[in-house]
Amino acid sequence: MFTNRRNDVFGPLILIFLVFFIVLPVATVFLWAFAEQWFYPSVLPTRWGLRFWEQLVSRPEVWQAFVTSIQLSTTVTVLSAVICLPAAYAFARMDFPGKSAFMMSFLMANAFPRFALIVSIAVLFLTLDLVGTFQGVVIIQFLNTLLLMIWLPSAAFRAIPRETEEAARDVGASPLRVFWHITLPQAFPTIAAALLMTFVWTFYETEGAWLVGAPRIRTMPLLMMSMINNQLVVQYGAVLSVMLWVPSLVAILLARRVIGGDAFAKGLGG
C-alpha cells in the first residue's frame, strides 16, 4: 500500500521535472527559431516567420562553419576508430607491463579541469605551429575521445566469453576470422554507440576548437557563441541551435536504422 502511494507521488513529480527542465527549454528554442516578434507577457510569439533563417542561410560563414564541424567530427571519429579500437582490444585481451597504469591514465587525464589542460596543450601546440590549424583541432579533439573510445569498447571485448573464440579456433578458424565473425559482431553495438557519441561530442565541442583553432578554424558552436555575444539576437542562437541539432538527430536515426533499435540501446547501456 505504502509503495503504491509513493509511486503515485513520484510518478507525477518526475513527469513535472522532465517537462520543466527538458521539454520546455527545448520547446522554447524551437519557438524562438521561428519567431520574428515575441514580447512579454505573450505566451507564444506574436509574429511567426523565417526571416532569421533566411538571414543566416544566406551568410557564407554559416555554411563554412557547418562544413568545418562535419569535417572535424568525421575525421576525429575515423581516427578514433583506427587508433582506439585496436588499443581497446589489446587492453581487453592482452597482458603487458603497465596495463593498469595506462588505463588509469586515461581516466586521470579527464579528472583534471579540461579548460586548464587544453590551455597547457595549446601552449605546446603553439611551439609546433599547430594553433589555428585543422590538424591541431583534430588532435585536441581526438585526445578528448580517448577515454570513451577505449574504456567502452574494452569493456565490450572483455564481456565476450573466451570460450566462443576458443571453440572457433579449435575448428580451424584463423585469429582474424574469429575476430571478424565472432568477436566484432558481439561487441559491435557498444562500439557503434561509442562512435556515435564521439561524433556528437566532437560536433558540439567548443573549448579545444576555440583555444587551438582560433582564429582560422571556426565551428558551428563557436559561430553561435560569437553571434549571440556580438549581435545579441536571440533568434540567431535559436536557429543555429536547431541547425546543430539536425546532424545529431540524423546520426542517431541512421544508427538505429542500420544497427537496430535493440542492439543500439544495448550498446548505450554498456
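Residues numbered from 1 in each chain as written. Predicted model: local features only at pLDDT ≥ 70, side-chain atom pairs only at ≥ 80, totals over all residues. Heavy atoms only, no water.

**A look at the pattern of salt bridges**
Scanning all chains against the criterion turns up three salt bridges. Measuring nitrogen to oxygen at the nearest pair gives 2.8 Å for the salt bridge that ties Arg59 to Glu61. Here Arg59 falls in the partly exposed class, since its relative accessible area comes to 22%. (Salt bridge = Lys/Arg side-chain N within 4 Å of Asp/Glu carboxyl O. Buried < 20%, exposed > 50% of the residue type's maximum accessible area, 1.4 Å probe, protein only.)

**Here's the deal with the nonpolar core**
Judged by nonpolar contacts, the single largest core of 33 residues is most densely connected at Ile150 and Phe157. Every element with two or more residues in this core is listed here: helix H3 (60-93), helix H4 (99-111), helix H5 (114-127), helix H6 (134-159), helix H8 (175-204) and helix H9 (207-213). Counting residues per element, this core draws most heavily on H6, which supplies 10 residues. Other than its neighbours up to four places away in sequence, Ile150 contacts Cys84, Ala87, Ala88, Phe91, Met103 and Phe106. Counting residues in hydrophobic clusters, the runner-up holds 18 residues, among them Val62, Met224, Val242 and Met243. (Core = buried A, V, L, I, M, F, W, Y, C linked by side-chain atoms within 4.5 Å. Helix = DSSP H or I, 4+ residues; strand = E, 2+ residues; numbered from the N terminus. Contact = heavy atoms within 4.5 Å.)

**Considering the UniProt feature "transmembrane region" (unreviewed entry) in the chain**
If you check UniProt for "transmembrane region" (unreviewed entry), the listed places come out as residues 12-35, 70-92, 104-128, 134-157, 178-204 and 233-255 in our numbering. This span, residues 134-157, is 100% helix and 0% strand, and a straight line between its end C-alpha atoms measures 33 Å. (UniProt positions renumbered as here; feature names shortened; annotations may be inferred.)

**So, the layout of surface pockets**
Over the atoms rolls a probe the size of a water molecule, and its path tells where empty space is left. Here the second largest pocket defines a volume of roughly 270 Å³. Along the walls of the second largest pocket sit 14 residues, with Pro215, Arg216, Ile217, Arg218 and Leu222 positioned nearest its centre. Broken down by secondary-structure element, the contributors of at least two residues to the lining of the second largest pocket are H3, H9 and helix H10 (220-231). (1 Å grid on protein atoms, 1.4 Å probe; cavity = no way out; pocket = protein on both sides within 12 Å on 5 of 7 lines; lining within 4 Å. Points joined across faces, edges and corners; volume = space filled by probe spheres on them.)

**Topic: H5**
In a regular helix each residue adds 1.5 Å, so 14 residues correspond to 20 Å; H5 covers 20 Å between its end C-alpha atoms and thus fits that length. Turning to H5, its buried residues number three or more, namely Ile118, Ile121, Ala122 and Phe125. All buried residues of H5 lie within an arc of 110° about the axis, which places them on one face of the element. H5 presents Val123, Leu126 and Thr127 as exposed residues on the side facing more than 90 degrees away from its buried surface. Buried positions along H5 lie against H6 and H9. A positive phi of about 60° marks Asp129, the residue just after H5. (Expected span 1.5 Å × (residues − 1). Arc of directions from axis to C-beta.)

**Topic: the packing of aromatic side chains**
Enumeration over the complete set of coordinates arrives at 12 aromatic pairs. When the ring of Tyr89 is compared with that of Phe157, the centres are 5.2 Å apart and the planes differ by 85°; the resulting orientation is edge-to-face. With Tyr89 in helix H3 and Phe157 in helix H6, this residue pair connects regions lying 68 residues apart in the sequence. Centre to centre, the rings of Phe203 and Tyr204 are 5.7 Å apart; their planes meet at 80°, and the pair counts as edge-to-face. Judged by relative accessible area, Tyr204 falls into the partly exposed class, the value being 33%. Taken together through their ring pairs, the aromatic side chains of Trp63, Phe66, Phe199, Phe203 and Tyr204 make up a single cluster. (Phe/Tyr/Trp six-rings, centres within 6.5 Å; stacked < 30°, edge-to-face > 60°.)

**Side note on the packing of H5 against H6**
For the pair H5 and H6, interaxial distance at closest approach is 12 Å and the crossing angle is 145°. Once H5 is placed against H6, the crossing between them reads as right-handed. For the pair H5 and H6, the contacting residues are Arg114, Ile118, Ile121 and Phe125 in the first and Gly136, Ile139, Ile140, Leu143 and Asn144 in the second. (Axes fitted to C-alpha atoms, helices over the stretch in contact; angles between N-to-C directions. Left-handed = near helix turned anticlockwise from the far one by under 90°.)

**Points about H3**
Along an α-helix, residues three or four positions apart point the same way, because every turn accommodates 3.6 residues. Compared with an ideal rise of 1.5 Å per residue, which puts 34 residues at 50 Å, H3 spans 49 Å between its outermost C-alpha atoms and is within 8% of the ideal. Helix geometry: H3 is bent most strongly at Cys84, by close to 30°, with proline Pro86 lying one to four residues after it. (Bend = angle between axes of the 7 residues up to and from the residue.)

**With respect to the environment of Val78**
For Val78, the location among the structural elements is in helix H3. Separated by 120 residues in sequence, Val78 and Thr198 place their C-alpha atoms 9.7 Å apart.

**Some remarks on the packing of H6 against H8**
Geometrically, a packed helix pair is captured by the angle between its two axes and the distance between the axes. One way to put it is that H6 packs onto H8 with a least axis distance of 9 Å and a crossing angle of 150°. Comparing the axis directions of H6 and H8 gives the class roughly antiparallel. The way H6 lies across H8 gives a crossing that is right-handed. When H6 is examined against H8, the residues Gln141, Thr145, Leu148, Met149, Leu152, Pro153, Ala156 and Phe157 are found in contact with a partner set consisting of Phe179, Thr183, Ala187, Thr190, Ile191, Ala194, Leu195, Met197, Thr198, Trp201 and Thr202. Residues belonging to the contact of H6 with H8 are distributed by class as follows: 13 nonpolar, six polar and no charged. (Parallel < 35°, antiparallel > 145°, perpendicular 65-115°, else oblique. Nonpolar A, V, L, I, M, F, W, Y, C, P; charged D, E, K, R; others polar.)

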